Structure formats: structure tokens, C-alpha cells
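Observations on chain architecture
Below, each chain spelled out in residue letters.
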Amino acid sequence: MVNHLLPETLEEALEALARKQHLLFAGGTDLMVQKRAWAGLPRNFEHPVLFTSRIAKLNFIEKRSDHLAVGATCSLEMMLEYPDTPDLFKTIIGEMASPGIRNHATLAGNIANASPAGDTLVGLYLYDATIVLKSLRGERLVPIADFITGVRKIDLAQDEMITEIRIPHQDFTHIDYVKVGPRKADAISKIAFAGAAKTNDLTVSDIRAAFGAVFKTVLRSPATEAMLKGMRIADIKADLASICEAYARLLQPIDDQRSNKEYRKAVAINLLARFIKSL
Amino acid sequence: MAKIEFTLNGEVRQVDIDPTIRLLDYLREDLDLTGTKEGCGEGECGACSVLFDAEVANSCLVPMGNVAGHDIVTIEYFSRTERYRILEKAFLEQGAVQCGFCTPGMIIAAESLLRKKPKPSDAEIKIGLSGNLCRCTGYNMIIAAIRQAAKEGEGLW
Amino acid sequence: MSETISQSLMRLDAPDKIAGRAKYVADLKMKDCLFALTVRSPIAKGKILQVSLPAMPEGYQVVDHRDIPGENIVKIIYDDQVIFPVDEVKYIGQPILLVVGPDKRIVERLAKAIKIEFREEQPVFAWENSVIRYQFTKGEGDAPFASAANTISYTYTTGYQEQAYMEPQGFIGHYDRGKIVLVGSIQCPYYVKNALIRALACDPDKVRVIQAAVGGAFGGKEEYPSLIACELAVAINKIKKPIKLIFEREEDMLVTTKRHPAQIKLAAAIGADGAIRALRAHVGIDAGADIGLSGVVLSRAMIAATGAYTIDNLAVSGDVYLTNTVPTGAFRGFGAPQMLFAIEMFIEHIAKDLGRDPLAYRLDYLAKQHDKTSTSGVFRDPILMPEMVEKAMAMSGYAAKSERYPREAGYRGIGMSFFLHGCGFTGSGEAKTIKAKVKLEKDSEDLVHILIAAVDMGQGVHTAMRKLVASIMEIPIETVIYDYPDTDQVPDSGPTVASRTMMIVGGLVARAARALKESFIPGQHQVAEEQYVQPDYIKWDEDTMQGDAYPAYSWGVTVVEVAVDPHTYQVNLEHAWSVYDCGKAIDELMVLGQADGGLAQGIAYGCLEVMEHDQGKIRQKNLTDYIIPTASDVPAMTTMLIDNPYPLGPYGAKGVGELTLVGGAPAVAKAIEMAINKRITKIPATPEAIMELIKHG
């Protein structure tokens, strides 16, 4: 008999994870689809499920001195309604899935699902978010870009769980986000683009671009960003074609049932170009 | 199996159940509450919408394990309320019902929306309904019905 | 009373639906019910060499072709679809056998444990195997091409469209003292019953088919349910217990019929004056692995070859191709949406190629009363298209916008489609095949029972028929009873398809109601029956496809305005305006509901809904990947109905259900065409396709 768990404390949960492999389950809005079964039957989980929803300690969202901390069971809707959630994340969540799903889906779940098209991921990459992992062995802080290692692959040991996500405060002067879905709501992205920059009158002190659904993970180019930092806005704009070219070389979109690679690449670059022109 | 305690349609229940069973199946199979429909089984169509702590949820994506400690209301119970009567009248008068398969879910989504936004704009209504697919009406009559309900039910939400 | 027939009534079936009380088939339960799961072909073509079953526990059984007491054929129109294959499979997803038993867990485990050994064969996906070919000509046919100053030709292609009714297909059935009773989500109770009689080789009184509440159909529950019903009836006949067979969404999308993909080649012989001297059309449609209804779909497409226009010389041909893909079938419009898209774009493209004003050019060819139809029949009734076009243009600001948008090159466009839809079955179908019968029965309490096989699948026929009878008989609508059709109770009034229900069945019900009214004796049991008789001036020759293909036509004009995003190529639907002539609305709100829903499907067919197969496997297998509009995607719609009563329809009503879909795709395609200044010849015009057009023309 499979023994599913509904712990009420983090300690209970971590002890269980230390003992044996479990499937961590928060809102379940992705897992219930992936593990679907014939109507009326239990879902097809290959490991015992550890439901995190009862762990009250993980259900929080809190503004701290240098970051916003989002607990692992905080729903996206709760995050949307929190006054200090950055506007970018409000926009992303507002366009994501549907109200019924947002009421249950979590940021932690979106991260752990590690889909290249995961909606919140472009925002987390852009903001250099950090994932807090706990186990009986202790705590690890892992940058999002290191935590997600590939399509549906994450750096999570069997005895660890995500307890919170830290989104650093940023003072961008420009922010842009476009979700290109097959329809306006309730859709998986074909492409997602997020851009941010900090400029003074003439120069750029910080500039970032994150692309979703055009690579095995969300894609940022630290090298290109480093090169652009400190440049004059006018020079960046003058150099638009070669910047786009640099990114175009990095994108590796695929053909699937939702779109094709030519479209994904071209539109991603169009959106990047528009962002740069808007500086 | 797990012991799960929750409130359903105003009554506290304790069940001993596999926590990976969907709330949808529990409602339909165990309790014969068939007003909650299965249209897709993957949270896309909204026919299975229920109120979960007064907010819309896809019962096909909610395992019983996540129901513990929460308050679930289905269309069968919601249909006894005054707010339902306002919505029903508006749906009837605006011609918002055709095949009816999506309709209970639409009503639940409308209730959830109006609780948060008693005077929604058309754009807010569309977002509020965006998780509920309808193939018959083209939505405009449903949107009009919610507009009408918000007006006629002013003060109820 | 007739002045007020269009006044809207609140739908009588709606309160139960809103409250979740209406019972759809999945909601029905029976004591000791078993569950059936279908084991399907994983390959597109091949021979079945061996089926190895696991040890079957007590109470669990497999049902396959050996259990069919009658013919292994699903009676539809063309007898080529088997219930369960004997030794060969023709498409991925073809049902091979059922596993039946009381515990779903075990049924599922057994189904997975069944090993079927195949010898795979080379499947055919190209359109080369024509199994039906039709052709007809009008006037001089294509002879004028020989002397034409100029020939313009284009090829138009359309993809699959999935009905995507919200309720997946299914049946529940049981054995009742020698009789098999099925309750299901169906459009055509007698199609199912007749299929069962043949599969079971039984007397008609040994099968009974009852409609459950139907959660949308759109043609998808016209012929396909007969296959499921035959499978299930064979199982019930064998096991003699209640069995439930309900499709999951994914199963439904992978294996049920869809709209036929089509390729339509059009050529016009143009005279020195720029006039169209003749039109040549070839329509190819993909039937998938079974012919089924495809011949009828092809003929409707071909008959619509000239759309809402009159062209004097025509040569039309068409082929139904078999491929090793999921069978295609009925879907609202039934061949017409493909053809209407093609011809609407073509006339526009001719005008553009000739440097003519497209609107003026198209108006010149609009059909007029007394014109000959494409099949050399006659448009007998008044055609109000000029007035309708004028109204649509005024409502939408078409003239100013269509002048401004191309000039501004701001990725905005407006498109207008003209269209018609033949009401009722094609040709002599009503008179020779269907022979509809209706019955009204008044009981001793003076309650009038409408006994017809017409199904309310959301379109409102339940309310409309009761309203019709109450109105004619001048009795309260509460005293008119119309239960879900049950073949043990109702005569065969034909299938609920082809925009025939109000015009044909309603026409007969109206006659019966008048007869009952005239002979009304309070407190006495009385019956009035009517049978369809074709008006004798309607002539149709099946072999040559000449004559009156339809007794009447409904007409429409749709305008769609779009904005195309220059960075993402996404289409924003700004607004849609339509004007329809469906004779007389029996209930205005219900007709407007059909208008909104049909147009949403038609527009989405044109720009949103992508379905393709890859080596015979459908790629968009659920509602996540197959994109239908949400509330945020549909445009606001403005609809106007024009009265143009048809003498033989009840209160003048003609067909409405399909008309509202057929104009959507060409209107949105023309709007996109204007926005991007490229020729659109393929739908759906997705952002991917639009990008391709912008970049490479």
C-alpha cells in the first residue's frame, strides 16, 4: 500500500523525505495533468506523494530588506494580490493560466516543474531569484539559473524541498514582458520575453533579457548583458542588429504541436528589438 | 488512504480516502453530485469548477489531499443562494445557456469573480471566465449575463 | 400570433442546466454497472496477427468482432466502417476490442496487459486514393476557357477542425428483458437504432435508443456515436449487464470524426472586359480511413462552388480520398465552410489581380431571385443580399475602414464575406432517404406531446418546438410536452442535422399542430401525424447533380475587423458584425445565440484552430493543445436578423444552425489579408502562417 503523507510541519516533511523518495506536491495543477488516469481512479503517481499544502509555515509572502520572500505553498493568486509583489510578476501571473488554476498553483511548483515555457520563470531569471532548499542536512541557496538544469530537470536532492523563493528588489527603470500564447488566456506560451534595464540619461547601467520556450531552459546571456552594461543607449540602439544576431545564435527553439522554430526565433528577436528600441 | 476532514456544502465531513483521488471524482462518484462536470480532466475547460474557500477551483486538479481543512461548495449548494437566483435570472434572460454543459462551472466562476469584483468591467469579466470554455455561445451572452447580474445583484456581492 | 413568434422566450431547459440538475450521459448511474475501455490500434495500417489476452479474472471479459451477431458494419451512409476489425487496422486509434468489467482499476490493468501483434504495412497519407468522384457542369461548362483572354487560378487549403463539444462522447446501456437499451450523447437517435438493428441482426423492437442531455455536438455526434453504440450493444448482448462507455477528452479528440481537410483548386476564365466567363473547380477532401458521410460532404461542398454568386458557366468536380488517418465526418457546415472560404477568397483575388475594386466586382456577381443555382436549379425565393450588404456596411463602417486601412498600412484590416447555406438534406435526401414522420399526441388531460426524434444539443429545439405548437394551437406552453427522444416513443423524424430541424421537422410539427387544433375535442385522446412530402416543383437528379439541391437557402453577410501585431503576428479580433436572412426567427434570442456561437467557431476555423496529424497521429490531442477561443479571444458581435419568410417553413423559418459558421473564416481571412497586404489561400491563418506570408509573400 502506498503511503501518501499530509504533514503539518516542515520537520515532519523533511524527516519523511530523508527516509524515502516522495513526490512533492503543492497546488498540483501540473502534476495532476501529468499523472492523469482514467476518470474515477487515483492518479498514476509512481512514488508516495507528500502533500505540502498543510504545512502552514510555508504559506507566506513577505517583503524583507533586500528581497521578496515567497513561501513554497503561497498561491499565485496570493502573490498577485500582495501589494509588494513586483509589477512584472503581477503582469506575468495575471496572464497565466486561469483564475481557478492561479488559486492553487504555486511559484515553487512552477519552478519545480521546470518547463521551458513555465510562465513565472522568465521573471525569476530576469530578477536573479534564489531558491531556498531545506533538508535535515541543512539549507542551500541556489540561483534559479543553476537550480533548473534542463527540460524538467532540477537540482533537488531526494531529501530536499523548496521552502521559499527569494526575489531580490530591483530598481529597473524599464521593464517589458510579452507572453506569446496561442490565445489570450488559459494557454501555454509559444514564446515569452522579459526585458529589464536601468538607465540614466544616456547610459545603461544594467540590462537584462530573458526568453522562455525557445531553449531547454529560460535563456539569458550573461556575456551579452555584461557587454552592454555601461554602454550609451544610442550606441546600443545603433548596434541593434548585431545584438539581435548574438541572441539569435543562442536560441534553440523546437517545432511542436503549438508552434514552429522559425516563428519562435523570429518573434523572440522581434520582441528583443522592440525592447531595446524602447530604451 | 488518509483521514481527511473538510467542509462540503456547509457540512463538516471526515472521510478515509486515497488522497490522490480527484475532488471531482469524489463529488461525482461517491456523492452523486453530478452538477460538477468533467470536460477535459486537465484544468483547461472549467466544467468541473467548484468553490474552494469561496474561490473558483478546477476540481479535476484538486486531489483530496489538498481538500483537508478547506471549505468546498458545489453548484448543488450554491444554487440555494440569493446570489445564484440573480445569476440564474440573468443567464436565462440573456440567452447565456445552450447545451448547458459548461454552465454550472460558468456560474461558479461568475460567483468567484463577483465576490472579488462586484462591479467588474467587461475586461475583468472576460478574465474571470477565461478558465471556462464554452463552445456554443461565443461567450458574449454569458458576459452580458454577468454584467446584468452585477447590476441587479448590487449589494449582494 | 405570428407577429410575436420571434419574441424571445426564456429557454425551458435552462434552469435544470444552470443548476447542474440536467443529466448528461456521464451523470447516469445504474446498479451493478460495468465499465468498458477500448483497446485501439497503435499503428496506421497493418494486419492483426495475434491478440494475446492476460488471464481474465471472473467477471471481466473482452468483446471483439467474434461477438457481433449481425453484420460487422456500422450503418451510416456508405457501408465501409467495421465495428471491430477482424484482421486489419486502418488508422491509429481504431477500436479493436473492448475490455469490460466492474472495477475500473482492473479493467485498465487488463487493457494494458493485452498484447496485439501486428504486421505493419505502409500507410497512405497522400491524397491519391480517390474512392468517390463527382462532377457536374452548368451552362457551357468550362468551354469558355478556350477563348478566355486570361485565366486566373488559385489553390485553397483548409485544415482539420475539431468539434470540441464540451461534453465528450459516451453511452450507458443495459439489457431489459430481451431488449438492449442505450442512453447516449447523440444527435440522431434513429441513426443509432438502425445501426444497432443491423449489427445485432435483431428485430426493431429489440433495441431502444434514448437521448441524454447533450453537451454540444456540432455534427460530431451525428454519425460517430453509432460506432460506439454498436460496440457497446455487442458487449451488452454478450454480457447482459449494464455497461458504461464514456470517452476521456483525449480519447475523444484522437479518435472521433473531425471536419474534412480540403484542397480546392479554382480557375476562372476571364473575358477581355474582365468578366468571369466560366469557373472551374475541383474539391478534394480527406475522408480518413472510412468513407462514411464523405460523399455527402463532398457534394455539399461542390454545390456551394459559386458561393453567394451566380456564375453562368461552371465545371465542378471533386474527389473523396481515403488515407490511413482518423475518419473525418459531419461538422456544422458539412463541406460548405471549406468551399465558402475558397470561393470568397477567389472572387476577391480575381478582382485584385485584375485591378478591380473587389467589393464592386463581388456585388456584380451576387445571386438574384430567379437566377440559376450552381446545379441549374432555381433560386425561387426573394434574395435580400443587396439590402443586407448595405446594412452590414453601415453597421461596421466598412466603406471608410476598407479605404483607410490599406492606405495607413497600420496592420489593421476589415473583411466582409457573402454566403448562403442550403437548408435541409442535399438533393432528394429528405424525400427519398429520410422521409420524416412526426406525431403530436393529445392525452385525455389535453396535454400535447411532441413526438419527434429531434435532439436538443444546445440549439434550443426543445423550447422552439414547444413554442411553435403552443403558438399555433393557442394553448399554454406548459401544456406542451417534449421529452428527450426515445425511439420506443417517437417516430423517425430524421436526424438533427443539416439545418433541417426547424424548417423541415418544425414545418411538419406545425402542420400537425394545425390539424390537431382544428379537430380539437377537449378531454379526448387525439393524434395528428404528418410525413414529409417534397414540393413537386423541386427536382433533383442524383446522378448528374442537376436541379434543386435544396428547397430553400438562408443567406448572410459577415464583417470582421482585426488588428495584426507587427511583432508577434497575432490577430486581435476587434469586432464582428453580421446580417442574416434565416426566413423568420422562431425565437430571436435563440437565433442570436446560434449566430454568436456559429460565428465564433467560423472565425476560429479561419485563424485559430490548428489540428494536424503526424504520420497518422493527431498532434493536438487535448484542449491544451487544440486551441478554441476563450471569453478573452472572441470579438464583440453585432447581429441583425432580416425577415424574409419562406412559404413552406413554419411561420416562414429557414435553417440557421450552419449558416452562422460558414461566413466566419472568409471574413476573418480577408481582414487579415488587408492588414498584411498579402494573399491568404490557406486556413487557419495562424501567426506562424502570417509571419511566413509577410516574410516570403
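Residues numbered from 1 in each chain as written. Chains lettered and ligands numbered in written order. Predicted model: local features only at pLDDT ≥ 70, side-chain atom pairs only at ≥ 80, totals over all residues. Heavy atoms only, no water.

The subject of this paragraph is the overall build of chain C. Secondary structure assignment for chain C yields 17 helices and 28 strands. Computed over the C-alpha atoms, the radius of gyration of chain C is 25 Å, within 12% of the 26 Å expected from 2.2 N^0.38 for a compact globule of 697 residues. In terms of overall dimensions, chain C has C-alpha extents of about 80 × 70 × 50 Å along its principal axes. For chain C, with 697 residues in total, the buried portion stands at 67%. Taking as baseline every contact in chain C between residues at least 6 positions apart, the subset at least 24 positions apart corresponds to 82%. Total accessible area on chain C is roughly 23300 Å²; 50% of this is exposed by carbon and sulfur atoms. Averaging the locations of the 72 positively and 86 negatively charged side chains of chain C gives two centres separated by 2 Å. (Helix = DSSP H or I, 4+ residues; strand = E, 2+ residues; numbered from the N terminus. Rg over C-alpha atoms; globule rule 2.2 N^0.38 Å. Buried < 20%, exposed > 50% of the residue type's maximum accessible area, 1.4 Å probe, protein only. Contact = heavy atoms within 4.5 Å. Areas by Shrake-Rupley, 256 points an atom, 1.4 Å probe, with all protein chains shown as cover. Lys, Arg positive; Asp, Glu negative; His and termini not counted. Charge placed at Lys NZ, Arg CZ, Asp CG, Glu CD.)

The helix and strand tally for chain B stands at 6 helices and 5 strands. Going from N to C terminus, chain B has its helices and strands arranged as β-β-α-β-β-β-α-α-α-α-α. Against the 2.2 N^0.38 benchmark of 15 Å for 157 residues, chain B shows a C-alpha radius of gyration of 15 Å, consistent with a compact globule. Across the 157 residues in chain B, those meeting the buried criterion constitute 70%. With an accessible surface of roughly 4800 Å², chain B has 46% of that area assigned to carbon and sulfur atoms. Of note, chain B has its 17 positive side-chain charges centred 6 Å away from the centre of its 23 negative side-chain charges.

Bringing the interface of chain B and chain C into the picture now. Each partner contributes to the interface: chain B provides 43 residues, whereas chain C provides 53 residues. Per-residue buried area on chain B facing chain C is highest for B:Leu92, B:Gln98 and B:Arg135; these three make up 21% of the total on that side. Put simply, chain B and chain C have 4 salt bridges between them. With its nearest N and O atoms 2.5 Å apart, the salt bridge here joins B:Lys37 to C:Asp27. Scanning the region where chain B abuts chain C turns up 25 residue pairs in polar contact (both at pLDDT 80 or more). Counting residues per element, the ones that place at least two in the side of chain B that touches chain C are α1 (23-30), α3 (82-94), α4 (103-116), α5 (122-128) and α6 (140-152) of chain B. Per-element accounting of the side of chain B that touches chain C gives the leading share, 6 residues, to α3(B). Class assignment of the residues belonging to the side of chain B that touches chain C gives a composition of 19 nonpolar, 13 polar and 11 charged. (Buried area = accessible area lost by both parts, 1.4 Å probe. Salt bridge = Lys/Arg side-chain N within 4 Å of Asp/Glu carboxyl O. Polar contact = N/O pair within 3.5 Å; in protein donor to acceptor, adjacent residues only side chain to side chain. Nonpolar A, V, L, I, M, F, W, Y, C, P; charged D, E, K, R; others polar.)

The next subject is the nonpolar core. The tendency in soluble globular proteins is for nonpolar side chains to be buried as a group. Counting 245 residues, the largest nonpolar core has A:Phe211, B:Phe91, C:Leu196, C:Phe346, C:Phe418, C:Trp555 and C:Ile672 as the members making the most contacts within it. The residues contacting C:Phe418, other than those within four sequence positions of it, are C:Ala308, C:Tyr309, C:Leu340, C:Glu344, C:Leu359, C:Arg362, C:Leu363, C:Leu366, C:Met385, C:Val389, C:Gly556 and C:Val557. Residues A:Ala16, A:Met79, A:Phe172 and A:Val218 belong to the second largest nonpolar core, which totals 63 residues. (Core = buried A, V, L, I, M, F, W, Y, C linked by side-chain atoms within 4.5 Å.)

Take helix α4 (residues 87-94) of chain A next. Residue and element names in this part refer to chain A. Turning to α4, its buried residues are Leu88, Phe89, Ile92 and Ile93. Down the axis of α4, the sector holding all buried residues measures 125 degrees, keeping them to one side. Where α4 is buried, its residues touch α3 (76-81), α5 (99-102), α7 (119-126), β9 (161-168) and β10 (174-180). (Arc of directions from axis to C-beta.)

Another point: the interface of chain A and chain B. Tallying the contact residues gives 35 residues for chain A and 33 residues for chain B. Of the roughly 2600 Å² buried at the junction of chain A and chain B (both faces included), carbon and sulfur atoms supply 54%. Counting the surface chain A buries against chain B, the share from its top three residues, A:Met32, A:His104 and A:Asp186, is 18%. Summed over the shared surface of chain A and chain B, the result is 5 salt bridges. Elements with a contribution of two residues or more to the side of chain A that touches chain B: α2 (31-34), β2 (49-51), α3 and α5 of chain A.

Residue and element names in this part refer to chain A. Within strand β4 (residues 67-71), 5 of the 5 residues are buried, leaving the element largely enclosed by the surrounding structure. Burial along β4 is two-sided: the residues His67, Ala69 and Gly71 and Leu68 and Val70 are all buried. Direction of pairing for strand β3 (residues 61-63) relative to β4: antiparallel, over a ladder of 3 bridges. By the bridge assignment, Glu62 is partnered in β4 with Ala69. Between β3 and β4, which follow one another and run antiparallel, lie 3 residues. Here β4 runs beside β9; their pairing, made up of 5 bridges, is antiparallel. Across the sheet, residue His67 finds its bridge partner in β9, namely Pro168. (Pairing = 2+ DSSP bridges.)

Here we take up the domain arrangement of chain C. Residues and elements named next belong to chain C. Examined at the domain level, chain C breaks down into domain 1 (25-123 + 164-255), domain 2 (262-426 + 546-696) and domain 3 (429-531). Taking the mean C-alpha position of each, domain 1 and domain 3 sit 32 Å from one another. With 20 residues of domain 1 at the contact, the number on the domain 3 side is 15 residues. Both sides together, the interface formed by domain 1 and domain 3 hides about 1500 Å², and carbon and sulfur atoms give 53% of it. Of all residues in domain 1, Gln187, Tyr190 and Gln211 give up the largest surface area on contact with domain 3, accounting jointly for 43% of the area buried on that side. Taken together, the connections running from domain 1 to domain 3 amount to 3 salt bridges. (Domains from an automatic or database assignment.)

What follows covers the domain arrangement of chain B. Residue and element names in this part refer to chain B. Each assigned domain of chain B is listed here: domain 1 (2-77) and domain 2 (81-152). Between domain 1 and domain 2, the C-alpha centre-to-centre distance is 21 Å. Domain 1 puts 17 residues into the contact, and the matching count from domain 2 is 15 residues. Contact between domain 1 and domain 2 buries roughly 1200 Å² in total, counting both sides, with carbon and sulfur atoms accounting for 66%.

Taken as a whole and assessed by the stated rule, the structure comprises 23 aromatic pairs over all chains. Taking 5.3 Å as the distance between ring centres and 70 degrees as the angle between the ring planes, the aromatic pair formed by A:Phe89 and A:Tyr127 counts as edge-to-face. One end of the pair, A:Phe89, is in helix α4; the other, A:Tyr127, is in the loop between α7 and β5 (130-135), and 38 residues separate them in sequence. Using a relative accessible area of 0% as the deciding quantity, one classes A:Phe89 as buried. For A:Tyr127, a relative accessible area of 7% gives the class buried. An aromatic cluster is defined as three or more aromatic residues linked by ring pairs; in this entry it consists of A:Phe193, A:Phe211, A:Tyr247 and A:Phe275. The side chain of C:Arg259 reaches across the aromatic face of C:Phe331, ending 4.1 Å from its centre. The positively charged end of C:Lys442 is found above the aromatic ring belonging to C:Phe520, 4.5 Å away from the centroid. (Phe/Tyr/Trp six-rings, centres within 6.5 Å; stacked < 30°, edge-to-face > 60°. Lys NZ or Arg CZ within 6 Å of the ring centre and 35° of its normal.)

With that settled, the discussion passes to the sheet that holds strand β9 (residues 170-176) of chain C. Residue and element names in this part refer to chain C. Spatial strand order, β3-β5-β1-β12-β9-β10-β11: 7 strands in an open sheet with mixed pairing. Every other strand in the sheet has two partners, leaving β3 (61-63) and β11 (207-211) as the edge strands with one partner each. Sheet twist, expressed as the mean angle between neighbouring strand axes with direction ignored, is 25 degrees. Judged from the 3 bridges that link them, β3 and strand β5 (residues 95-101) form a sheet pairing that is antiparallel. Note on β5: the bridge partner recorded for Val62 is Val99. Against the sheet, helix α2 (residues 104-113) touches β1 (34-40) and β5, its axis set at about 20 degrees to β1. Each of β9, β10 (179-184) and β11 is contacted by helix α3 (residues 189-200), which is oriented at about 155 degrees to β11, the strand it contacts most. (Axes fitted to C-alpha atoms, helices over the stretch in contact; angles between N-to-C directions.)

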